[in-house]
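One letter stands for each residue in the lines below.
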Amino acid sequence: KAGVTQTPRYLIKTRGQQVTLSCSPISGHRSVSWYQQTPGQGLQFLFEYFSETQRNKGNFPGRFSGRQFSNSRSEMNVSTLELGDSALYLCASTGSGTDTQYFGPGTRLTVL
Amino acid sequence: AQSVTQPDIHITVSEGASLELRCNYSYGATPYLFWYVQSPGQGLQLLLKYFSGDTLVQGIKGFEAEFKRSQSSFNLRKPSVHWSDAAEYFCAVGRRMEYGNKLVFGAGTILRVKS
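What you see is a predicted model, and the numbers here were worked out from it, not measured in a lab. (Residues numbered from 1 in each chain as written. Chains lettered and ligands numbered in written order. Predicted model: local features only at pLDDT ≥ 70, side-chain atom pairs only at ≥ 80, totals over all residues. Heavy atoms only, no water.)

Glancing now at the state of the cysteines. All names here are of chain B. According to the stated counting rule, one finds two disulfides over all chains in the structure shown. Note on cysteine connectivity: C23 is disulfide-linked to C91, with sulfurs 1.9 Å apart. Every disulfide takes its handedness from the sign of the S-S torsion; for C23 and C91 that torsion is -65 degrees, giving left-handed. Placement of the pair is C23 in the loop between strand 3 (19–21) and strand 4 (24–26) and C91 in strand 10 (residues 87–94), with a sequence separation of 68 residues. We classify C23 as buried; its relative accessible area is 0%. Classification of C91 by relative accessible area gives buried; the value is 0%. (Disulfide = S-S within 2.5 Å. Helix = DSSP H or I, 4+ residues; strand = E, 2+ residues; numbered from the N terminus. Buried < 20%, exposed > 50% of the residue type's maximum accessible area, 1.4 Å probe, protein only.)

Set out below in structure tokens:
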């Protein structure tokens, strides 16, 4: 089985722009979770989607949003980018009965 | 609130020596516990997990971890470290998928291996 894929792998944006990141889960997995990783704050949970519905949300401002499509692929969007949004964004997928999150390689976002 | 503490930010061990990385958690119910490893610029790779049953769990790459409920700990061990084990290690606590997937991670421990 193919693993979790994330595109793009690297992004450079400027302050005020918006960005969309994509995540394709492992085939058959219906849950997709997103995390932000920074040197200062570590790994923090953003949100989780299951069957196209947001099921959990972390403590991030409304500029961070996401969605999930019927094929379980997920996107997250960050609007009005700030310098502090520079981070590695990781997505993870979970299959029914596994209770285990499998992570993708991440998207490295740099905000200038 | 759930929390995970990894007391050691950096650990340096000699190749061939044994390794123990510490992890303490705070969780109101029976936790699901995980250890992940991350190489620079990469995603997280699952090393092992504990849900229930035998408190000593085996993982990939020769790693094992022991769940001690009385100490709220889930320490990771390896009897003989290889240079390729140099990476950052994260302990995480979660719960059953049906209650929603959210992992709470520790701050990580960077492992350096000296030859």
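Let us look at unusual backbone geometry. Residues T7 of chain A and P8 of chain A are joined by a peptide bond in cis, for which omega reads -10 degrees. For P8 of chain A, the location among the structural elements is in the loop between strand 1 (5–7) and strand 2 (10–13). Even without a glycine there, the phi angle at E52 of chain A is positive, about 70 degrees. By the secondary structure assignment, E52 of chain A is in the loop between strand 5 (42–50) and strand 6 (53–57). Backbone geometry places K61 of chain B, a non-glycine residue, at a positive phi of 60 degrees. Along the chain, K61 of chain B falls in the loop between strand 7 (56–58) and strand 8 (64–68).

The next subject is the interface of chain A and chain B. Facing the 24 residues of chain A at the interface are 22 residues of chain B. Each partner contributes to the roughly 1,800 Å² buried at the junction of chain A and chain B, and carbon and sulfur atoms together form 53% of this total. For the chain A face of the interface with chain B, the top three residues by lost area are L43, D99 and F103 of chain A, together amounting to 32%. On inspection of chain A and its partner chain B, the count reaches zero salt bridges. Inspection of the chain A/chain B interface yields seven residue pairs in polar contact (both at pLDDT 80 or more). (Contact = heavy atoms within 4.5 Å. Buried area = accessible area lost by both parts, 1.4 Å probe. Salt bridge = Lys/Arg side-chain N within 4 Å of Asp/Glu carboxyl O. Polar contact = N/O pair within 3.5 Å; in protein donor to acceptor, adjacent residues only side chain to side chain.)

A separate point is the pattern of salt bridges. Residue and element names in this part refer to chain A. Across all of its chains, the model carries nine salt bridges over all chains by this definition. The salt bridge partner of R55 is E48, with a shortest N-O separation of 2.6 Å. With a relative accessible area of 29%, R55 lands in the partly exposed category. You can call E48 buried: its relative accessible area is 0%. When the shortest N-O distance is used, the salt bridge between D85 and R63 registers 2.8 Å.

Everything listed here is a matter of geometry and, on its own, says nothing about what the molecule does.
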